[in-house]
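Commentary on secondary and tertiary structure
In case you want the letters, here they are:
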Amino acid sequence: MGRKDQPRGPDGKWGKGSAGLVAIGAAGAVALSGGGTGAGGAAVDSAGAANSVSVRVKQGKEAARKGKSDDAWRNLNLRKVKQAAENALDCAINSYGQVRDFFLRNPCRSLDRTLFTLADPEGNTFVVSVSWVRMRDKDDVGPLKTLIDTDGTGSVSPLAFAALKDQGIRFTGTPFRARAQRDLLVVAEGAVVSGKPDPALFSGVVDVAAELPG
C-alpha cells in the first residue's frame, strides 16, 4: 500500500520502514558494479563506511542488551545530549489509531517510555523514542507486534510527543523497529531534530535502542 493510501497518525506519520537498508543496499550495488567517479574508489569508500556502521551497530546492540545505553551510544560515536523517562499504566491513552483500539480491548500492564536526544560528530541531532509495553497476557504480544509493524495502523505515542510536534520534530515511521520478548513489546523509532544524519547510522541507532531491556 503506497503512502497516499496510508492514514496518518496525529503526527502525520506515514508507513514504517528502514532507511538504513536502502542506504546499505545502494552502497553494495555500487561496489558490485564498480561504479563511481574514480576507478572504483568511491564504491570502496561507500562499502567501507557501511561496514564500519555495521560493526558499530553490532557492538552497540551488545551493550544495549546489557542495559548500558551510554556505552551503546559511545560505540556508535554518538553523544547523548539529553534523556527523559516516564512510567504509565494506561497504554490506550498514550497511543493512537488501530493500536489504541487494540489496547482498549487488551489493556497493558505497564508502559515505560524514554526519549534520547543524540548528536553525531558532524553536529546532526536526532531523538530516539523507546517504549516498553508490558502486556497482561503474553499471547497478546504477537498480534500487537503484527499490528504495530503494519503501515497506517498507528503506534505508541513517543514521550513528549506534543512538545516535539510544536518544535517541528516529526516521527515519520522511518527508522522504526519493534521487538517482542515474552510479555514485552519494545517499540523504537527516530526523528531528526537538525541536520541530515547518515541514514544507515540513524537506522542502526534505532535497531540498537530496540535491544534495550527497559
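Fair warning: this is a prediction, and the values are worked out from it, not measured in the lab.

1. A word on the overall build of the protein
When its secondary structure is counted, the protein shows 7 helices and 7 strands. N-terminal to C-terminal, the α/β element order of the protein is α-α-α-β-β-α-β-β-α-β-α-β-β-α. Taking all contacts inside the protein whose residues are at least 6 apart in sequence as the whole, residues at least 24 apart take part in 70%. Of the roughly 10500 Å² of accessible surface on the protein, 51% is carried by carbon and sulfur atoms.

2. Some remarks on the environment of glycine 204
Position of glycine 204 among the secondary structure elements: in helix H7 (residues 199–209). The sequence separation of glycine 204 and serine 54 amounts to 150 residues, and the corresponding C-alpha distance is 7.8 Å.

3. Looking at helix H4 (residues 97–105)
Within H4, the full set of buried residues consists of Val99, Phe102 and Phe103. Take H4 and look down its axis: the buried residues cluster within an arc of 95°, on one side only. Structurally, H4 contributes buried residues whose contacts are with strand S2 (95–96), strand S3 (108–119), strand S4 (125–135), helix H5 (141–148) and strand S5 (154–156).

4. Digging into the pattern of salt bridges
Pairs can form between side chains of opposite charge whenever their charged atoms are close. The full count for this structure, using the stated rule, is 9 salt bridges. Here glutamate 211 ties to arginine 65 by a salt bridge, and the two come within 3.2 Å at their closest N and O atoms. Pair noted here: glutamate 211 is in the segment after H7 and arginine 65 is in helix H2 (residues 41–65), with a separation of 146 residues, a long-range link. Relative accessible area serves as the criterion here: at 48%, arginine 65 is assigned to the partly exposed category. Two residues, lysine 80 and aspartate 70, come together in a salt bridge whose shortest N-O distance is 3.0 Å. Here lysine 80, found in strand S1 (residues 79–88), pairs with aspartate 70, found in helix H3 (residues 69–75); they are 10 residues apart in sequence, far enough to count as distant. Counted as one network, the salt bridges with shared partners bring together Arg65, Arg177, Arg179 and Glu211.

5. A look at the pairing of S3
Looking along a regular strand, one sees side chains alternate from face to face of the sheet. Most of S3 sits out of view: 10 of its 12 residues are buried. In terms of strand pairing, S1 meets S3 through 9 bridges, oriented antiparallel. Paired with arginine 79 across the strands is alanine 119, a residue of S3. Linking S3 to S4, which pair antiparallel, is a turn of 5 residues; within it glycine 123 sits at a positive phi near 95°.

Analysis parameters
- Residues numbered from 1 in each chain as written.
- Predicted model: local features only at pLDDT ≥ 70, side-chain atom pairs only at ≥ 80, totals over all residues.
- Heavy atoms only, no water.
- Helix = DSSP H or I, 4+ residues; strand = E, 2+ residues; numbered from the N terminus.
- Contact = heavy atoms within 4.5 Å.
- Areas by Shrake-Rupley, 256 points an atom, 1.4 Å probe, with all protein chains shown as cover.
- Buried < 20%, exposed > 50% of the residue type's maximum accessible area, 1.4 Å probe, protein only.
- Arc of directions from axis to C-beta.
- Salt bridge = Lys/Arg side-chain N within 4 Å of Asp/Glu carboxyl O.
- Pairing = 2+ DSSP bridges.

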